[in-house]
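# Coordinate inspection notes
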Amino acid sequence: MPYAKELRIAQLAVQRATLLTKSVFHTTAKGTVSKEDHSPVTVGDFGAQALIISALRHHFPDDEIVAEEEAAELIANKPLSERIWSYVQATMLEDESAEQELGGPIQSEQEMLDAIDMGKSPGGAKGRIWAIDPIDGTKGFLRGGQYAVCLALMVDGDVKVGVLGCPNLPVDDSAPLDAHAGENQTDAEGKGVIFSAVLGEGATSGALSRGALSKEAPIHMKPIEDITQATFCESVESGHSSHSDQAAIAKLLGITKPSVRMDSQAKYGSIARGAGDLYLRLPVRADYEEKIWDHAAGDLIVREAGGEVTDVTGKRLDFTLGRTLKANKGVVAAPKAVHGKILEAVKQVLSSK
Ligand SMILES: Nc1ncnc2c1ncn2[C@@H]1O[C@H](COP(=O)(O)OS(=O)(=O)O)[C@@H](OP(=O)(O)O)[C@H]1O
Ligand SMILES: [Mg+2]
Ligand SMILES: [Mg+2]
Ligand SMILES: [Mg+2]
């Protein structure tokens with residue numbers, strides 16, 4: 001299979017980083033600081049980013065990296081840096097050969113800070129570039145809801161490999177989503193999944209483990225026979241996507257079920273496995289540019305599971321333009337057979353505003 005090594009390292013790296021986020025998830029003090037744009041970042045985001053970058057540098061030292069977080073604020077905040085370092089030191093895969101495969105532990109706090117800061121590539125249309133969102137849905141993570149550890153490899157602007165670690169989703173692909181699927185997660189048995197895809201090779205899911213990778217199974221989007229019976233997923237935060245536009249689109253399509261609100265790219269994973277049907281992300285602000293790390297892995301996983309992903313105008317997401325999707329507005333993800341129909345409703349609602 002093409003990109004077999006990249007896929008395996010990405011899966012192991014995401015699994016290890018997800019374990020770190022889980023130990024932070026279950027503490028009350030998550031070391032939250034507010035970034036310049038007033039969005040939160042936690043000990044979990046920084047620690048997960050350090051672990052993923054360290055594994056990528058070990059195997060692919062010449063590849064570029066676009067990652068959400070940077071170390072600047074930690075250099076001025078030594079207590080926070082020390083807390084992250086203690087989580088990073090404590091997080092290891094329980095399977096020794098898998099841990100060794102990732103290059104083993106980071107050697108010092110300084111090496112950890114250096115790793116965190118290696119995600120500053122401007123991105124673009126040329127070469128091998130990894131996109132990392134160490135915790136997508138940080139607000140969900142803080143609320144006790146869904147979140148995802150996200151990693152994708154782009155080659156010449158095309159997403160080739162995508163991996164999502166979703167510790168709070170059910171392992172079982174056939175577990176139905178209900179309107180409360182994103183709320184109040186506990187560390188119950190049967191939770192924790194890794195979604196993966198390689199371009200042209202399909203998408204899979206497997207249970208998140210603490211050691212070696214679990215066995216995977218192919219996933220597919222659910223064929224929709226009757227759109228009025230569809231389940232659509234949307235963000236929890238009304239500041240990230242327009243709940244009112246999404247409700248108007250659902251109404252126009254005759255959808256009566258309540259939407260499933262969940263944070264993060266867990267939405268992409270959930271529709272790719274057929275637990276939900278559609279993902280609508282209508283812009284709230286005309287000037288917001290979506291970040292590539294918020295979509296790269298999910299876009300590939302949904303397309304490889306039989307879906308189509310476009311923006312609200314029907315254009316494919318364009319990952320060649322840098323750290324953001326500056327040529328796109330919003331996201332419409334649906335099974336291929338009905339995507340056109342959903343898009344028509346999206347356009348109708350937007351043009352009537
Ligand atoms: N204005 C605006 N519009 C669209 N998107 C935005 C906006 N502001 C922030 N973000 C990004 O939203 C990411 C989380 O998306 P979610 O789908 O998880 O949203 S939500 O938390 O459920 O609302 C979130 O990712 P993380 O920072 O990794 O959590 C942000 O990159
Ligand atoms: Mg994100
Ligand atoms: Mg994030
Ligand atoms: Mg963030």
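Further up the page is the structure itself.
Structural notes, computed from the coordinates. By convention here, each chain's residues receive numbers from 1 onward along its written sequence. In the order they appear in the text, chains get letters beginning with A and ligands get numbers beginning with 1. Side-chain atom pairs in this predicted model are given and counted only at pLDDT of 80 or more, local residue features only at pLDDT of at least 70, and totals for whole chains, interfaces and linings cover all residues. To obtain the side-chain values, all non-hydrogen atoms of the structure were included, while hydrogens and water were left out.

### A short note on the coordination of the magnesium ion (ligand 2)
Basically, it comes down to this: A 2.8 Å cut-off from the metal defines N, O and S donors, relaxed to 3.2 Å for Na, K and Ca; water is not in the atom list, so some sites may appear incomplete. Numbering of helices and strands starts at the N terminus; helices are DSSP runs of H or I of at least 4 residues and strands are runs of E of at least 2. For every residue, the accessible area obtained with a 1.4 Å probe (protein chains only) is divided by the maximum for its type, and the residue is called buried under 20%, exposed over 50%, and partly exposed between those limits.
Only Asp 133 (OD), Asp 136 (OD) and Asp 294 (OD) from the protein coordinate the magnesium ion (ligand 2), and they sit 1.9 to 2.1 Å from it. Sequence positions of the residues that donate to the magnesium ion (ligand 2) give the spacing D-x2-D-x157-D. Separating the magnesium ion (ligand 2) from the magnesium ion (ligand 3) is a distance of 3.6 Å, and Asp 133 supplies a donor atom to each of them. Here Asp 133 is found in strand β4 (residues 128-136), whereas its partner Asp 294 is found in the loop between β12 (278-281) and α10 (296-304), with 161 residues between them in sequence. A residue is classified by how much of its surface remains accessible, and Asp 133, at 1% relative accessible area, is buried. According to the relative accessible area criterion, Asp 294 is buried, its value standing at 13%.

### Overview of the site of ligand 1
This is how it is decided: We call a residue near a molecule or strand when any one of its heavy atoms sits within 4 Å of it. Whenever a nitrogen or oxygen atom comes within 3.5 Å of another N or O atom, the pair is scored as a polar contact, on the condition that within protein one atom can donate a hydrogen and the other can accept it, and that pairs from neighbouring residues in sequence are kept only if both atoms are in side chains. Per-residue accessibility takes into account occlusion by the displayed protein chains alone, with areas from the Shrake-Rupley method and a 1.4 Å probe. Think of it as three bins: nonpolar holds Ala, Val, Leu, Ile, Met, Phe, Trp, Tyr, Cys and Pro, charged holds Asp, Glu, Lys and Arg, and polar takes everything else, Gly as well. These domain boundaries are the output of an automatic or database domain assignment.
Glu 237, Ser 264, Lys 267, Arg 281 and Asp 294 are the nearest of the 19 residues found near ligand 1. Contact distances for ligand 1 include 2.9 Å between an oxygen atom and a backbone N or O atom of Thr 138. In isolation ligand 1 exposes 640 Å². Once the protein is present, 90% of that is buried. No other element matches β4, which puts three residues into the shell around ligand 1. For the shell around ligand 1, the per-class residue count stands at four nonpolar, six polar and nine charged. Both domains that furnish three or more residues to the shell around ligand 1 are identified here as domain 1 (4-219) and domain 2 (227-351).

### Observations regarding helix α1 (residues 4-25)
The line we're drawing: By this rule the span expected of a helix is its residue count minus one, scaled by 1.5 Å.
In a regular helix each residue adds 1.5 Å, so 22 residues correspond to 32 Å; α1 covers 31 Å between its end C-alpha atoms and thus fits that length. With 18 of its 22 residues buried, α1 lies for the most part within the structure.

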